[in-house]
Amino acid sequence: MKMVLIAVGDRMPAWVAEGFERYRSRLPPECALSLKEISPGKRGKKPEIGRILKEEGKKMLAAIAPGSYVVALDIGGRLLSTPELAQRFSGWLGDGRDLSLLIGGPEGLDEAVLARADWRWSLSPLTFPHPLARVLVAEQLYRAWSILNHHPYHRE
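Structure report, in brief. (Residues numbered from 1 in each chain as written. Predicted model: local features only at pLDDT ≥ 70, side-chain atom pairs only at ≥ 80, totals over all residues. Heavy atoms only, no water.)

Now for the overall build of the protein chain. Per the secondary structure count, the protein chain includes five helices and five strands. For a compact globule of 156 residues, the expected C-alpha radius of gyration is about 15 Å, and the protein chain comes in at 15 Å, within 12% of that figure. Considered along the principal axes of its C-alpha atoms, the protein chain spans approximately 50 × 30 × 30 Å. Counting all 156 residues of the protein chain, 44% fall into the buried class. A sequence separation of at least 24 residues applies to 82% of the contacts in the protein chain between residues at least 6 apart. About 8400 Å² of surface is accessible on the protein chain, with carbon and sulfur atoms providing 54% of the total. (Helix = DSSP H or I, 4+ residues; strand = E, 2+ residues; numbered from the N terminus. Rg over C-alpha atoms; globule rule 2.2 N^0.38 Å. Buried < 20%, exposed > 50% of the residue type's maximum accessible area, 1.4 Å probe, protein only. Contact = heavy atoms within 4.5 Å. Areas by Shrake-Rupley, 256 points an atom, 1.4 Å probe, with all protein chains shown as cover.)

See below:
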């Protein structure tokens, strides 16, 4: 299974790239994780949020590989414990399809993107900066893999 994190935003601070890479590089080839950045819409003094979301959404939808299972990171999504995420990760691995994980910009995801999602995942009821969400997702995917493979990274 190939996994791709499709995220709105480019030109991230070094700590974001380093954090994402730390966990991405630990995953084995059978569940490789990559990052595809979507350029954010321009936000001026009076941004047209609806238009911006639609533009970002079109780019995100175009970046999804055909046949992928799509997970939208969304505050209204399902909250999971770490063992529950490991179970879900096991299901994704067994499904045989590639996995696309979507992180929106400051205003979230366009309705068309949410409608395309096969499932919605919420990292927390807290609000995180979108760059931090990239690192959290990569870490949690690696943690789920470590649980399934009895790797010592995760100690319950």
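Another aspect to go through is the sheet that holds strand E2 (residues 32–38). Taken in spatial order, the five strands line up as E2-E1-E4-E3-E5 in an open sheet, and their pairing is parallel. In the strand order of this sheet, the two ends are held by E2 and strand E5 (119–122), each with one partner. Mean inter-strand twist for the sheet, computed between neighbouring axes without regard to direction, equals 30 degrees. In terms of strand pairing, strand E1 (residues 2–8) meets strand E4 (residues 99–103) through five bridges, oriented parallel. Each residue of the ladder has a partner; that of Val-4, found in E4, is Ser-100. Relative to the sheet, helix H5 (residues 130–148) contacts E1, E2, strand E3 (69–79), E4 and E5, its axis offset from that of E4 by approximately 150 degrees. (Pairing = 2+ DSSP bridges. Axes fitted to C-alpha atoms, helices over the stretch in contact; angles between N-to-C directions.)

A full pass over the atoms with the stated rule returns seven aromatic pairs. Among the aromatic residues, ring-to-ring pairing joins Tyr-23, Tyr-142, Trp-145 and Tyr-153 into one connected group. Across from the ring centre of Trp-119, 3.9 Å away, lies the NZ or CZ of Arg-88, which sits over that ring. (Phe/Tyr/Trp six-rings, centres within 6.5 Å; stacked < 30°, edge-to-face > 60°. Lys NZ or Arg CZ within 6 Å of the ring centre and 35° of its normal.)

Before going further, it helps to examine the nonpolar core. Counting residues in each nonpolar core, the largest one holds 31 residues, and the members touching the most others are Met-3, Val-71, Phe-89, Trp-92 and Leu-101. Where this core is concerned, the elements lending two or more residues are E1, helix H1 (14–24), E3, helix H3 (82–95), E4, E5 and H5. Once residues lying within four places of it in the same chain are set aside, the contact partners of Leu-101 are Val-4, Leu-5, Ile-6, Val-71, Leu-73, Trp-121, Val-137 and Leu-141. Residues Ile-6, Met-60, Ala-63 and Val-70 belong to the second largest nonpolar core, which totals 14 residues. (Core = buried A, V, L, I, M, F, W, Y, C linked by side-chain atoms within 4.5 Å.)

Once that is clear, we can look at helix H2 (residues 49–63). A rise of 1.5 Å per residue sets the reference length of H2, with its 15 residues, at 21 Å; its end C-alpha atoms lie 21 Å apart and thus fit the reference within 8%. On the buried face of H2, the contacting elements are E1, E2, E4 and helix H4 (111–116). (Expected span 1.5 Å × (residues − 1).)

Checked against the element boundaries, Ser-124 lands in the loop between E5 and H5. Assessed through its relative accessible area of 13%, Ser-124 is described here as buried. In this structure the side chain of Ser-124 is engaged in a polar contact, spanning 2.9 Å, whose partner is the backbone nitrogen of Leu-126. Excluding residues that lie within four positions of it along the chain, Ser-124 makes contacts with Ile-75 and Leu-79. (Polar contact = N/O pair within 3.5 Å; in protein donor to acceptor, adjacent residues only side chain to side chain.)

Tracing the sequence through the fold places Leu-126 in the loop between E5 and H5. Sequence separation between Leu-126 and Ile-75 is 51 residues; the distance between their C-alpha atoms is 8.5 Å.

On to the environment of Gln-87. Looking at where Gln-87 falls in the secondary structure, it is placed in helix H3. You can call Gln-87 exposed: its relative accessible area is 61%. Along the chain, Gln-87 and Trp-145 lie 58 residues apart, while their C-alpha atoms are 9.8 Å from each other.

Geometric descriptors of this kind do not, in isolation, establish any biological role.
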